[in-house]
Amino acid sequence: MRLALIADVHANTYALDAVLEDIAQQDADVTVNLGDVVWGSVDPQGTVDRLTAFPGVRGNHDEEPDVSELGLSAEARAFLTGLPLTLTLDDVLCCHGTPTSNTTHLMLTVTPQGARPATVHEIRERLGEVSASVVVCAHTHLPRVVQLPGGPLVVNPGSVGQPAYTDEAPFPYVVENCSPHARYATLTRTPVGWHVAHHALPYDHERAARETEAKGRPDRAYWLRTGVTG
């Protein structure tokens, strides 16, 4: 079994198209969307249109109260609100944040000093009791793999369409991948365990940045160009 994992597209169709084209060469059995389809400035409707063909879970930004202001069709809004919080594919549990919350970081810890990778103990505590051998998540935008001792493998594929961002909750922090690449992962079952491959793809990020800038978001445009926040 081979899964292609995409997450945090944030309406960036240029990055998404590059990723989907690359996935087509990977012989994946299933491509799964791990949430946060919209809340970017390039093409929210086009992003939803591309992802309706794939199973997926609901990201926190996919259920914002004013998602209707993004120019989405009624069908697109229904698709987003109809996505489940979790999804199980074979022995893989899919979620956006944690299995019980799409607003909680599973693999990132935010402190008054900023963000840092979550410890094994923190990940286990947030995950709770799960029977799956693999948990795949998103929300942090940072690629990472952690094997919990006596527990599941935890995988975050990183962000397809937004390589950096800032947030204020619960404390101000930044997330930076330090390059503009579109990211995704493949997860393959082998006789000796799960093989994880992270992919970082070039695409026309300058075009995405220009369109984002033209829509009044120079901050997001800078993130797209650089993979850093400033």
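For the structure, check the block above.
An account of the accompanying structure is given in this report.

**Looking at the packing of helix H1 (residues 13-23) against helix H2 (residues 44-51)**
Part 1 of the reasoning: Packing of H1 against H2 brings their axes to within 9 Å, and their N-to-C directions diverge by 20°. Comparing the axis directions of H1 and H2 gives the class roughly parallel. Relative to H2, H1 is oriented so that their crossing is left-handed. Here H1 contributes Thr-13, Leu-16, Asp-17 and Leu-20 to the contact with H2, which in turn contributes Gly-46, Thr-47, Arg-50 and Leu-51.

**Notes on H2**
Part 1 of the reasoning: For H2, the buried fraction is high: 6 of the 8 residues fall into the buried class.
Part 2 of the reasoning: By the burial criterion, the buried members of H2 are Pro-44, Gln-45, Gly-46, Thr-47, Val-48 and Leu-51.
Part 3 of the reasoning: Residues of H2 that are buried sit in contact with strand E1 (2-6), H1, strand E2 (30-33) and helix H3 (74-82).

**Looking at the pairing of strand E10 (residues 164-167)**
Part 1 of the reasoning: Pairing between E10 and strand E11 (residues 173-176): 4 bridges, direction antiparallel. By the bridge assignment, Tyr-165 is partnered in E11 with Val-175.
Part 2 of the reasoning: Turn length for the E10-E11 hairpin, with the two strands adjacent in sequence and antiparallel, is 5 residues.

**Comments concerning the environment of Asn-177**
Part 1 of the reasoning: You can see Asn-177 is positioned in the loop between E11 and strand E12 (182-190).
Part 2 of the reasoning: Judged by its relative accessible area of 15%, Asn-177 is buried.
Part 3 of the reasoning: For the pair Asn-177 and Trp-223, spaced 46 residues apart in the sequence, the C-alpha separation amounts to 9.6 Å.
Part 4 of the reasoning: Beyond its immediate chain neighbours, meaning those up to four positions away, Asn-177 contacts His-141, Leu-142, Pro-143, Pro-163, Arg-183 and Gly-227.

**Describing the nonpolar core**
Part 1 of the reasoning: Of all hydrophobic cores here, the largest spans 28 residues; its most connected members are Ile-6, Val-19, Val-48, Leu-80, Val-160 and Tyr-203.
Part 2 of the reasoning: Tallying contributions element by element places H1 first for this core, with 6 residues.
Part 3 of the reasoning: What Val-160 contacts, discounting residues up to four positions off in sequence, is Ile-6, Ala-7, Asp-8, Val-9, Ala-15, Leu-16, Val-19, Ala-182 and Arg-183.
Part 4 of the reasoning: Counting residues in hydrophobic clusters, the runner-up holds 17 residues, among them Leu-3, Ala-7, Val-134 and Ala-185.

**Description of the packing of aromatic side chains**
Part 1 of the reasoning: Inspection of every chain in the model, using the stated rule, returns 1 aromatic pair.
Part 2 of the reasoning: Between Tyr-165 and Tyr-173, the aromatic rings sit 6.1 Å apart at their centres with planes inclined by 80°, giving edge-to-face as the arrangement. Across this residue pair, the class does not change: Tyr-165 and Tyr-173 are buried.

What counts, and at which threshold
Residues numbered from 1 in each chain as written. Predicted model: local features only at pLDDT ≥ 70, side-chain atom pairs only at ≥ 80, totals over all residues. Heavy atoms only, no water. Axes fitted to C-alpha atoms, helices over the stretch in contact; angles between N-to-C directions. Helix = DSSP H or I, 4+ residues; strand = E, 2+ residues; numbered from the N terminus. Parallel < 35°, antiparallel > 145°, perpendicular 65-115°, else oblique. Left-handed = near helix turned anticlockwise from the far one by under 90°. Contact = heavy atoms within 4.5 Å. Buried < 20%, exposed > 50% of the residue type's maximum accessible area, 1.4 Å probe, protein only. Pairing = 2+ DSSP bridges. Core = buried A, V, L, I, M, F, W, Y, C linked by side-chain atoms within 4.5 Å. Phe/Tyr/Trp six-rings, centres within 6.5 Å; stacked < 30°, edge-to-face > 60°.

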